[in-house]
Amino acid sequence: MKNLVDVCYRDADVIRLVVDNLNIHTPSALYEVFPPEEARRIIQKLEFHYTPKHASWLNQVEIELSVLSRQCLERRIPNAETLTSEIAAWEKQRNQQKASVYWAFQTKDARRKMQRLYPSLT
């Protein structure tokens, strides 16, 4: 964060950060690394925006990579050029379909699917 504030965006009035909910992605984490005055100086230029806990960009990326793997990469691809063109074609098709992530997994679904991990409620 110090590098963002002091080097990359030193002339910016505010730096907006889109972060997931990892415990180190908080202003308080800076107080663990820097003296209080330095941490406060850095924090004053930062604006934290958190992704939803159960629908974060990281989850979406993992899901999309899984789809890419299943739909496009589950075969032998002979060289980097072919790989690049195959991924580009897959990406174009996904974008034309306006594919999106469907968050259908609810607690009741989890209890059913992973029944052996949950205690019985009866």
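Owing to the predicted nature of the structure, the values given are computational and were not obtained by experimental measurement. Along every chain, residues carry numbers that run from 1 in the direction the sequence is written. Confidence filtering applies because this is a predicted model: local features only for residues at pLDDT of at least 70, side-chain atom pairs given and counted only at 80 or more, and all residues used for totals across whole chains, interfaces and linings. Only hydrogens and water are removed before side-chain values are computed, so all heavy atoms of the structure are retained for them.

A.B. asks: Explain helix H3 (residues 36–43) here, please?
C.D. replies: Side chains three or four residues apart in an α-helix point the same way, a direct result of the helix having 3.6 residues per turn. Among the residues of H3, those classed as buried are Glu 38, Ala 39, Ile 42 and Ile 43. Buried residues of H3 fall within an arc of 130 degrees about the axis and therefore sit on the same side. Contacts between residues were defined by any pair of non-hydrogen atoms, one from each residue, lying within 4.5 Å. Segments assigned H or I by DSSP are reported as helices when at least four residues long, segments assigned E as strands when at least two residues long, and all are numbered from the N terminus. The elements touched by buried residues of H3 are helix H1 (2–8), helix H2 (27–33) and strand S2 (46–50). Residue burial is assigned from relative accessible area. The probe radius is 1.4 Å, only protein chains are included, and a residue is buried under 20% of its type maximum, exposed over 50%, and partly exposed in between. In this description, the arc belongs to the directions extending from the helix axis to the C-beta atoms.

A.B. asks: What should I look at first to understand the nonpolar core in this one?
C.D. replies: Buried together is how nonpolar side chains tend to be arranged in soluble globular proteins. Counting ten residues, the largest nonpolar core consists of Val 5, Ile 15, Leu 17, Val 19, Leu 30, Ala 39, Ile 42, Ile 43, Leu 46 and Phe 48. Counting only elements with at least two residues in this core, the list comes to strand S1 (15–19), H3 and S2. Among the buried residues, those of types Ala, Val, Leu, Ile, Met, Phe, Trp, Tyr and Cys that are joined through side-chain atoms within 4.5 Å form a nonpolar core.

A.B. asks: Explain the confidence of the model for the chain here, please?
C.D. replies: Confidence in the prediction for the chain averages 85 pLDDT; 85% of positions are at 70 or higher. The secondary-structure element of the chain with the lowest mean pLDDT is helix H6 (residues 107–113), recorded at 73, while helix H5 (residues 80–97) shows the highest, at 95. Confidence scores here are pLDDT values: one per residue, from the predictor, ranging 0 to 100.

A.B. asks: Help me understand the packing of aromatic side chains in this model?
C.D. replies: Planes of paired rings set the category: under 30 degrees apart is stacked, over 60 is edge-to-face and the rest tilted, where pairs are Phe, Tyr or Trp rings (Trp by its six-membered ring) whose centres lie within 6.5 Å. Per the stated rule, a full pass over the model turns up one aromatic pair. Pairing Phe 48 with Tyr 50 gives two aromatic rings, centres 6.1 Å apart and planes at 10 degrees, and the pair type is stacked. We classify Tyr 50 as partly exposed; its relative accessible area is 37%.

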